Amino acid sequence: MSSPLIVDSAQRRRSAKPTAFGMNPAIAERLASFGVDPRELAHDIGQRRGEINARADAAMAPSTVPVTHHARRAPVQHTLSELSLNPSDVSQQLLLNETALASYEDSFIQDEVAPVQLVAPNLREGKFYVSSRSADRAEVDDTLSDSARATRVPSGISSVEFALKDYGLESDVNDQLATEHPLLENVSTETERLAQLVFMQQELRVVRTGIFTSTNYNSACRRTLSGGYNWNGGANAAPVADMQAMIAAADAPFTHAVFSIETFQAAQAAVELREILLSHPSNAGLLTAGDFGMYFGIPNVVINRGQYMAVGGSSMSRICSTTALALLHVNADPRRRAFARQIRMRDGANGIVVTTWFDKAPGKKGFTRIKVAHTSQFKVIDDRYGAIITGMRA
């Protein structure tokens, strides 16, 4: 009778030791099954590792500016055009639309985790088409006969339905201030402030209630940790097994791991990860964003410190969950599957529209009213193209 196989924690750590290119062996094998060369991916991650670590170090330092992996939006190039004396002239409208778009903060991650996909103007409901998840993997009868045609293969595309809603906020500028500053300058400044608040509401929709709502993920792609399984000090914590389970459950390789500062600190406190990654001399015994991304084969590690004040609240709260980790497959190509996108009506500047009008009733000289709006929907495209681990921080 053979002796039973004894697997202790030391053996598990040895089996999870990074490969020569720094990746978990099982995850490297899983990536290869998706057609991704793990060595090539590790090389790409390594090239950006210095930038990731530098930004993550900045995230750990006391700061009011949330830090993410990289900037998501190129600077807006303003179009120069002559202004008419008419306040509602289209030239001014173009300038204000671009001003609103430029107010998107670098701290926002909505466009990185759920890219914007524009649809036709005035199309509030409809369908768009993406590549099929299963068509290229379908089992079909390819037997040929003399009297029948060959089997028709399944369609390579599938449809996604959407239903857009209007969102926007309004403010005003006292025209009396035109005696102190040019009215257009005042309106432009207020438009920028107003647009930041509009983007903030969309950030909450996309990140807080979209990315970090567990029911948006397929049941196979959810992992709930409780008791002593939390990463920061749980006696039975197994972060490598948790990550491997989610990577195995998903139908696409993850491109993004989204942490709040608190959840990344929980990952740093995980004893198993620390001991495995001590082979990296660059991290000085402390898990870095670059180490995490390299080991699990995830190119983009987002550590976000964004905060908001809830309605009726008296203190600030994190936008990203402080107890959960979101793992996403992001693809901006509208023809390809991804976890989620923002579907937005094509209008204004990237779907952001500014409307101004003069209200002569209030005040001595009246007020210029400003409204910043968009017509959008956060849409989960494929719930198996993402995963969430809840309760990873006690």
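S.K.: Before we go on, may I ask you to explain the overall build of the protein chain in this structure?
M.R.: Per the secondary structure count, the protein chain includes 10 helices and 14 strands. Buried residues in the protein chain amount to 45% of all 394 residues. Partitioning the contacts of the protein chain with sequence separation of at least 6, the portion at a separation of at least 24 is 77%. Accessible area of the protein chain: about 20100 Å², with a carbon and sulfur share of 50%.

S.K.: It is not clear to me how the packing of aromatic side chains should be interpreted in this structure. Could you clarify?
M.R.: Aromatic ring pairs are described here by two measures, namely the spacing of the ring centres and the angle between the planes. Summed over all chains, the structure comprises six aromatic pairs. Between Phe 292 and Phe 296, the ring centres sit 4.8 Å apart and the planes meet at 55 degrees, which makes this aromatic pair tilted. Remark: Phe 296 and Phe 292 occur in helix α10 (residues 289–296); sequence separation between them is four residues, near one turn of the helix. Between Tyr 295 and Phe 296, the ring centres sit 4.9 Å apart and the planes meet at 80 degrees, which makes this aromatic pair edge-to-face. Assigned by exposure class, Tyr 295 and Phe 296 land together as buried. One cation-aromatic arrangement involves Arg 205 over Tyr 167; the distance from NZ or CZ to the ring centre is 3.7 Å.

S.K.: What's the story with helix α2 (residues 25–33) in this structure? I'm lost.
M.R.: Along an α-helix, residues three or four positions apart point the same way, because every turn accommodates 3.6 residues. For α2, the full list of buried residues reads Ile 27, Ala 28 and Leu 31. The buried side chains of α2 occupy one side of the element, clustering within an arc of 105 degrees when seen end-on. Where α2 terminates, the next one or two residues include Gly 35, which has phi positive at roughly 85 degrees.

S.K.: Hey, could you run me through the layout of surface pockets in this one?
M.R.: Leftover empty space is mapped by rolling, across the atoms, a probe with the size of a water molecule. One number sums up the size of the largest pocket: a volume of about 600 Å³. Ser 132, Arg 133, Asp 251, Ala 252 and Tyr 385 are, among the 20 residues lining the largest pocket, the residues nearest its centre. Looking at the lining of the largest pocket residue by residue, the classes come out as six nonpolar, eight polar and six charged.

S.K.: Sorry, what's going on with the environment of Val 372 here?
M.R.: Tracing the backbone through its elements, the reader meets Val 372 in strand β13 (residues 367–380). With a relative accessible area of 0%, Val 372 lands in the buried category. Each C-alpha atom of the pair Val 372 and Val 354 lies 4.6 Å from the other, and the pair is 18 residues apart in sequence. Each residue touching Val 372, except ones within four places of it in the same chain, is listed here: Ala 100, Tyr 167, Gly 168, Leu 169, Thr 191, Leu 194, Ala 195, Val 198, Ile 352, Val 353 and Val 354.

S.K.: Mind showing me how you'd approach the environment of Ile 261 here?
M.R.: Among the structural elements, Ile 261 can be located in helix α8 (residues 261–269). Ile 261 sits 41 residues away from Val 302 along the chain, and the two C-alpha atoms are 9.5 Å apart.

S.K.: Just to check I follow, could you spell out the side chain of Thr 191 for this structure?
M.R.: Assignment of secondary structure puts Thr 191 in helix α6 (residues 183–211). The contact partners of Thr 191, leaving out residues within four places of it in the chain, are Leu 96, Ala 100, Val 354, Ile 370 and Val 372.

S.K.: Explain the pattern of salt bridges to me, please; I cannot follow it from the model alone.
M.R.: Pairing is possible between side chains of opposite charge, provided their charged atoms come close. Taken as a whole and judged by the stated rule, the model has nine salt bridges. A salt bridge links Arg 384 to Asp 251; its shortest N-O distance comes to 3.3 Å. Pair noted here: Arg 384 is in the loop between β13 and β14 (386–390) and Asp 251 is in the loop between α7 (239–249) and β6 (256–260), with a separation of 133 residues, a long-range link. A relative accessible area of 21% places Arg 384 in the partly exposed class. What emerges from the salt-bridge pattern is a single network uniting Asp 172, Asp 359 and Arg 369.

S.K.: Which parts of the structure should I look at to understand the sheet that holds β14?
M.R.: Spatially, β5-β14-β10-β6-β7 is the arrangement adopted by the five strands of the open sheet, whose pairing is mixed. The sheet is open, and its two borders are formed by β5 (222–224) and β7 (300–304), each paired with just one other strand. With direction set aside, neighbouring strand axes in the sheet form an average angle of 15 degrees. Across five bridges, the pairing between strand β10 (residues 324–328) and β14 is antiparallel. By the bridge assignment, Leu 325 is partnered in β14 with Ile 389. Here α10 sits on the sheet in contact with β6, β7 and β10, set at roughly 145 degrees to β7.

S.K.: What exactly am I supposed to notice about the environment of Arg 369 here?
M.R.: Its location among the elements puts Arg 369 in strand β13. Residue classification places Arg 369 among the buried residues on the basis of a relative accessible area of 16%. Linking Arg 369 and Val 187, residues 182 residues apart in sequence, is a C-alpha distance of 8.8 Å. The residues contacting Arg 369, other than those within four sequence positions of it, are Glu 170, Ser 171, Asp 172, Thr 355, Thr 356, Trp 357, Asp 359 and Pro 362.

S.K.: Please clarify how the nonpolar core should be interpreted in this entry.
M.R.: One recurring pattern in soluble globular proteins: nonpolar side chains tend to sit buried together. Ranked by internal contacts, the top residues of the largest apolar core, which has 43 residues, are Trp 231, Phe 292, Leu 325 and Leu 327. Here Leu 327 is in contact with Tyr 217, Met 243, Met 246, Phe 254, His 256, Ala 257, Ile 298, Gly 386, Ala 387 and Ile 389, once residues within four sequence places are set aside. Counting 38 residues, the second-largest nonpolar core is a separate cluster that includes Cys 320, Val 330, Val 354 and Tyr 385.

S.K.: Any chance you could explain the packing of α7 against α10 here in plain terms?
M.R.: Contact geometry of α7 with α10 gives a least axis separation of 12 Å together with a crossing angle of 55 degrees. The orientation of α7 relative to α10 falls into the category oblique. Of the two elements, α7 crosses α10, and the hand of that crossing is right-handed. The segment α7 lies against α10, with Val 240, Met 243 and Ile 247 engaging Phe 292, Tyr 295 and Phe 296. Per-class residue counts for the contact of α7 with α10 are six nonpolar, no polar and no charged.

Basis of the calculations
- Residues numbered from 1 in each chain as written.
- Predicted model: local features only at pLDDT ≥ 70, side-chain atom pairs only at ≥ 80, totals over all residues.
- Heavy atoms only, no water.
- Helix = DSSP H or I, 4+ residues; strand = E, 2+ residues; numbered from the N terminus.
- Buried < 20%, exposed > 50% of the residue type's maximum accessible area, 1.4 Å probe, protein only.
- Contact = heavy atoms within 4.5 Å.
- Areas by Shrake-Rupley, 256 points an atom, 1.4 Å probe, with all protein chains shown as cover.
- Phe/Tyr/Trp six-rings, centres within 6.5 Å; stacked < 30°, edge-to-face > 60°.
- Lys NZ or Arg CZ within 6 Å of the ring centre and 35° of its normal.
- Arc of directions from axis to C-beta.
- 1 Å grid on protein atoms, 1.4 Å probe; cavity = no way out; pocket = protein on both sides within 12 Å on 5 of 7 lines; lining within 4 Å.
- Points joined across faces, edges and corners; volume = space filled by probe spheres on them.
- Nonpolar A, V, L, I, M, F, W, Y, C, P; charged D, E, K, R; others polar.
- Salt bridge = Lys/Arg side-chain N within 4 Å of Asp/Glu carboxyl O.
- Pairing = 2+ DSSP bridges.
- Axes fitted to C-alpha atoms, helices over the stretch in contact; angles between N-to-C directions.
- Core = buried A, V, L, I, M, F, W, Y, C linked by side-chain atoms within 4.5 Å.
- Parallel < 35°, antiparallel > 145°, perpendicular 65-115°, else oblique.
- Left-handed = near helix turned anticlockwise from the far one by under 90°.

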